[in-house]
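Below are the chains, spelled out letter by letter.
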Amino acid sequence: MNPTPAPTTLVTNIGSLVTNTPGTGDCATPLGLLHDAAVVMAGGRFVWAGPAARAPEADERYDAGGRAAIPGFVDSHSHLVFAGDRTAEFNARMSGHAYRAGGIRTTVAATRAATDDELDANITRYLTEALRQGTTTFETKSGYGLTVEDEARALRIAARHTDETTYLGAHIVAPEYADDPAGYVDLVTGPMLDACAPHARWVDVFCEKGAFDGDQARAILTAGAARGLVPRVHANQLGHGPGVQLAVELNAASADHCTHLTDADVDALANGTTVATLLPGAEFSTRADWPDARRLLAAGATVALSTDCNPGSSFTSSMPFCIALAVRDMGMTPDEALWSATAGGAAALRRTDIGRISVGARADLALLDAPSHVHLAYRPGVPLVREVWRAGIRADFGN
Ligand SMILES: [Zn+2]
């Protein structure tokens, strides 16, 4: 007996379509750009993409009206299981005070005090906000609990919303262990890891002065890897340090921030398998120097862009905003920034089924109120995302 075929949806009259499938398009760029294009989705996947004039019949038809379409954004770095607010800290920082890692403690206290329902409502709110801006895949981390039960709780809540969950017990040393950081590392690599590993895909560490040094980071990442979690690292955000080299050495999926890099760091990223994930929302919100995307791209590194959405140092869920910053201030072309926010994010999550529009990929599509993806940087701050399909289902924004 044959199963009933899934209904097909045709999105046609797409003025320009970014496929991220080189060789597909009529321009020789990694974006695989198609003009006057169409896609067909069925069963949550793309089943056809090509010139609109040759599109097959489908059960449902959506006319894109000549607008641009892109793969849904892949936000490979966020911290969305939290409670509370740090408006006062941001306000103070914008009045001339330096950002330090210790501000995280404020959010830790608020998160511990919150109920499960409050945390779930909060993550739901920010995910809805992100979806409306075109994000169809996101990674998110624990790291505001810093006790065995609070870290495991954060990951259980995160896992209701995404498969891309990251154990970040090593965000900062828990306040209770301020005088015993070695004891905290023992907790993170022992009982806390035992409680968190079943709910996480990744292990992460904030390798930075004021957080964890290279030896501690190595111990934490190695312990996580032994439990089947793949490493990713908060590296070289506030200054030079061992994070990037450690990430490459341990074959981490991603080194995130990469703001302060030596030539040896750049070489390591260019020659290793670790993606360099740049988080310009953090530099924006801490008024810090920008990471040099041009230098990484020139060396041959794979670059991803992500929001780092968190209440302390980068409270934006907007991938278009990050694209605009990357183009304006980090030396990226609009094409490169778009690629990094979609296919680059997928690479940082070691996924090949998202961040691209090709037969078999998950049907994640964002339609822009613009004739070209370039408008994401050309028209910063303007809400250009008009429609979003995630796994073939059109989001209802209640418009
Ligand atoms: Zn982060």
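Computed from a prediction, not measured in an experiment: that's the story for all the values here.

A. Molecular detail of the overall build of the chain. A count of helical and extended segments in the chain gives 14 helices and 17 strands. For the chain, the spread of C-alpha atoms along the three principal axes comes to 70 × 50 × 40 Å. The burial tally for the chain puts 55% of its 399 residues in the buried class.

B. Region of the structure containing the environment of Leu-10. Looking at the secondary structure, you find Leu-10 in strand 1 (residues 8-17). Owing to 21 C-beta atoms within 10 Å, Leu-10 belongs among the buried residues under this scheme. Here the alpha-carbon distance between Leu-10 and Asp-213, two residues 203 residues apart in the chain, equals 52 Å.

C. Quick look at the UniProt feature "binding site: Fe(3+)" (unreviewed entry) in the chain. Mapped onto the present numbering, the UniProt feature "binding site: Fe(3+)" (unreviewed entry) falls on His-77, His-79, His-234 and Asp-308. These annotated residues cover 232 residues of sequence, and their C-alpha atoms all fall within 12.2 Å of one another, placing them together at a single site. By the secondary structure assignment, His-79 is in the loop between strand 6 (73-75) and helix 1 (87-93). Once residues within four sequence positions are removed from consideration, His-79 is found in contact with Thr-140, Lys-141, Gly-143, Cys-309 and Asn-310. Residue position: Asp-308 is located in the loop between strand 14 (303-305) and helix 12 (319-329). When neighbours within four sequence positions are excluded, Asp-308 is seen to be in contact with His-77, Ser-78, Leu-279, Gly-281, Ala-282 and Ser-314.

D. Summary view of the sheet that holds strand 10 (residues 202-207). On the basis of which strands lie adjacent, the open sheet formed by seven strands has the order 8-9-10-11-12-13-14 and parallel pairing. Looking at the sheet topology across the chains shown, the edges are occupied by strand 8 (140-141) and strand 14. Two strands pair when backbone bridges link them, and strand 11 (residues 230-235) and strand 12 (residues 254-257) are joined in this way by three bridges, in the parallel orientation. Of the residues in strand 12, the one forming a bridge with Ala-235 is His-257. Where helix 13 (residues 334-348) meets the sheet, its contacts fall on strand 12, strand 13 (275-278) and strand 14, and the angle it forms with strand 14 comes to roughly 105°.

E. Broad picture of the packing of helix 3 (residues 116-132) against helix 4 (residues 148-159). Remark: helix 3 packs on helix 4, axes separated minimally by 10 Å, with the N-to-C direction vectors making an angle of 45°. When the axes of helix 3 and helix 4 are compared, the pair comes out oblique. When you trace helix 3 past helix 4, the crossing you get is right-handed. Contacts from Asp-116, Leu-119, Asp-120 and Ile-123 of helix 3 reach helix 4 at Arg-153, Ile-157 and Ala-158.

F. Representation of the domain arrangement of the chain in the model. According to the domain assignment, the chain contains domain 1 (8-72 + 355-394) and domain 2 (74-348). Between domain 1 and domain 2, the C-alpha centre-to-centre distance is 29 Å. In this complex, domain 1 contributes 21 residues to the contact, which on the side of domain 2 involves 21 residues. Where the side of domain 1 that touches domain 2 is concerned, the elements lending two or more residues are strand 5 (68-71), helix 14 (375-378) and strand 16 (385-390). Looking at the side of domain 1 that touches domain 2 element by element, the count peaks at three residues for strand 16. A per-class count over the side of domain 1 that touches domain 2 returns 13 nonpolar, five polar and three charged.

G. Region of the structure containing helix 5 (residues 181-189). Among all positions in helix 5, only Tyr-184, Val-185, Leu-187, Val-188 and Thr-189 are buried. On its buried side, helix 5 packs onto strand 9 (165-170), helix 6 (191-196) and helix 7 (214-226).

H. Structural view of the UniProt feature "binding site: Zn(2+)" (unreviewed entry) in the chain. According to UniProt, the positions carrying the feature "binding site: Zn(2+)" (unreviewed entry) are His-77, His-79, His-234 and Asp-308. Within the element layout of this structure, His-234 appears in strand 11. Using a count of 30 C-beta atoms within 10 Å as the deciding quantity, one classes His-234 as buried. The contact partners of His-234, leaving out residues within four places of it in the chain, are Asp-204, Val-205, Phe-206, Cys-207, Glu-208, Gly-243, Asp-256 and His-257.

Definitions and cut-offs
Residues numbered from 1 in each chain as written. Predicted model: local features only at pLDDT ≥ 70, side-chain atom pairs only at ≥ 80, totals over all residues. Helix = DSSP H or I, 4+ residues; strand = E, 2+ residues; numbered from the N terminus. Buried ≥ 20, exposed ≤ 12 C-beta atoms within 10 Å, placed from the backbone. UniProt positions renumbered as here; feature names shortened; annotations may be inferred. Contact = placed C-beta atoms within 7 Å. Pairing = 2+ DSSP bridges. Axes fitted to C-alpha atoms, helices over the stretch in contact; angles between N-to-C directions. Parallel < 35°, antiparallel > 145°, perpendicular 65-115°, else oblique. Left-handed = near helix turned anticlockwise from the far one by under 90°. Domains from an automatic or database assignment. Nonpolar A, V, L, I, M, F, W, Y, C, P; charged D, E, K, R; others polar.

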